[in-house]
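# Report on the structure
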Amino acid sequence: QVQLVESGGGLVQAGDSLRLSCAASGRAFSGYAMGWFRQAPGKEREFVAAIKWSTGGTFYTDSVKGRFTISRDNTKNTVYLQMNSLKPEDTAVYYCAAQMGYSSRLDQLRLYTYWGQGTQVTVSS
């Protein structure tokens, strides 16, 4: 069982930066990947970014590429999402998720087994 806890959300202005954190409980994370998803009111949950735990390889959705950076700290069992140049369209509840099994796809919601409770990010204009 993997418990994930997100933090770092808040209210910011357009153009500002924010860093989200997701800490995994228990022993060292041994899954395949950790990812960030987001869900705005009235919309489906969508993929944002993911990182392969062993290699550090990353993958981003086009709308955040160049603005967001996902990273990990293996010693802390923590994944981060650095969000720069935030836009009002980024407003959503952001969720951390863990993909435990091998997969060639990092952006598919159905492949992630464990989920955090979410943290609210609001970007005002």
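For every chain, the first residue of the written sequence is number 1, and numbering continues from 1 onward in sequence order. Confidence filtering applies because this is a predicted model: local features only for residues at pLDDT of at least 70, side-chain atom pairs given and counted only at 80 or more, and all residues used for totals across whole chains, interfaces and linings. Hydrogen atoms and water are omitted, and side-chain values are computed over all heavy atoms in the structure.

A few words on the sheet that holds strand 7 (residues 68–73). Strands were regarded as paired on the criterion that DSSP finds at least two bridges between them. Numbering of helices and strands starts at the N terminus; helices are DSSP runs of H or I of at least 4 residues and strands are runs of E of at least 2. Spatially, 1-3-8-7 is the arrangement adopted by the four strands of the open sheet, whose pairing is antiparallel. On the outer flanks of this sheet lie strand 1 (4–7) and strand 7, each paired with one strand and no other. Strand after strand, the sheet turns through a mean of 15° between neighbouring axes, direction not considered. In terms of strand pairing, strand 3 (residues 18–24) meets strand 8 (residues 78–83) through six bridges, oriented antiparallel. The partner of Leu 18 across the bridge, within strand 8, is Met 83. Fitting a line to C-alpha atoms yields each axis, with helices limited to the stretch in contact; the angle taken between N-to-C directions then spans 0 to 180 degrees.

So, on to the pairing of strand 5 (residues 46–52). A simple rule labels every residue: compare its accessible area, found with a 1.4 Å probe on the protein chains alone, to the largest value its type can have, and call it buried under 20%, exposed over 50%, or partly exposed in between. Of all seven residues that make up strand 5, five are buried, and the element is covered over most of its length. By the bridge criterion, six bridges tie strand 4 (residues 33–39) to strand 5 in an arrangement that is antiparallel. Paired with Arg 38 across the bridge in strand 5 is Glu 46. Connecting the antiparallel pair strand 4 and strand 5 is a turn made up of six residues, with Gly 42 showing a positive phi of about 80°.

Burial of the side chains of strand 11 (residues 119–124) is restricted to one face: Thr 119, Val 121 and Val 123 are buried, whereas none of Gln 120, Thr 122 and Ser 124 on the reverse face is. As paired strands, strand 2 (residues 10–13) and strand 11 are joined by four bridges and run parallel to one another. Within the sheet, the bridge partner assigned to Gly 10 lies in strand 11 and is Val 121. With three bridges connecting them, strand 9 (residues 92–99) and strand 11 associate as antiparallel partners. Bridge pairing in strand 11 places Ala 92 opposite Val 121.

Time to look at the nonpolar core. Residues Leu 4, Met 34, Trp 36, Val 79, Leu 81, Met 83 and Tyr 94 are the most contacted members of the largest nonpolar core, which totals 29 residues. Of all elements in the fold, only strand 3, strand 4, strand 5, strand 7, strand 8, strand 9 and strand 11 reach the threshold of two or more residues within this core. Among residues more than four places away in sequence, those in contact with Leu 81 are Leu 18, Arg 19, Leu 20, Trp 36, Val 48, Ala 49, Phe 68, Thr 69, Ile 70 and Tyr 94. Counting residues in hydrophobic clusters, the runner-up holds eight residues, among them Tyr 32, Phe 37, Ala 50 and Ala 97. We define the nonpolar core as a collection of buried residues of types Ala, Val, Leu, Ile, Met, Phe, Trp, Tyr and Cys that are connected through side-chain atoms lying within 4.5 Å of one another. Whether two residues touch is decided by their heavy atoms; if any such pair falls within 4.5 Å, the residues are in contact.

Turning next to the packing of aromatic side chains. Two rings from Phe, Tyr or Trp (for Trp, the six-membered ring) form a pair when their centres sit within 6.5 Å of each other. Planes less than 30 degrees apart are called stacked, planes more than 60 degrees apart edge-to-face, and all others tilted. This model, assessed by the stated rule, comprises seven aromatic pairs. For the ring pair Phe 29 and Trp 53, a centre distance of 5.0 Å and an interplane angle of 75° mean the geometry is edge-to-face. Residue Phe 29 is found in the loop between strand 3 and strand 4, and its partner Trp 53 is found in the loop between strand 5 and strand 6 (58–60); the two are separated by 24 residues along the sequence. With a relative accessible area of 10%, Phe 29 lands in the buried category. Given the relative accessible area of 5%, Trp 53 is considered buried. Where Phe 37 meets Phe 47, the ring centres are 5.6 Å apart and the plane angle is 75°; that geometry is what we call edge-to-face. Residue Phe 37 is found in strand 4, and its partner Phe 47 is found in strand 5; the two are separated by 10 residues along the sequence. There is no split in this pair, since Phe 37 and Phe 47 are both buried. Members of the aromatic cluster, joined through ring pairs, are Phe 37, Phe 47, Phe 59, Tyr 112 and Trp 115.

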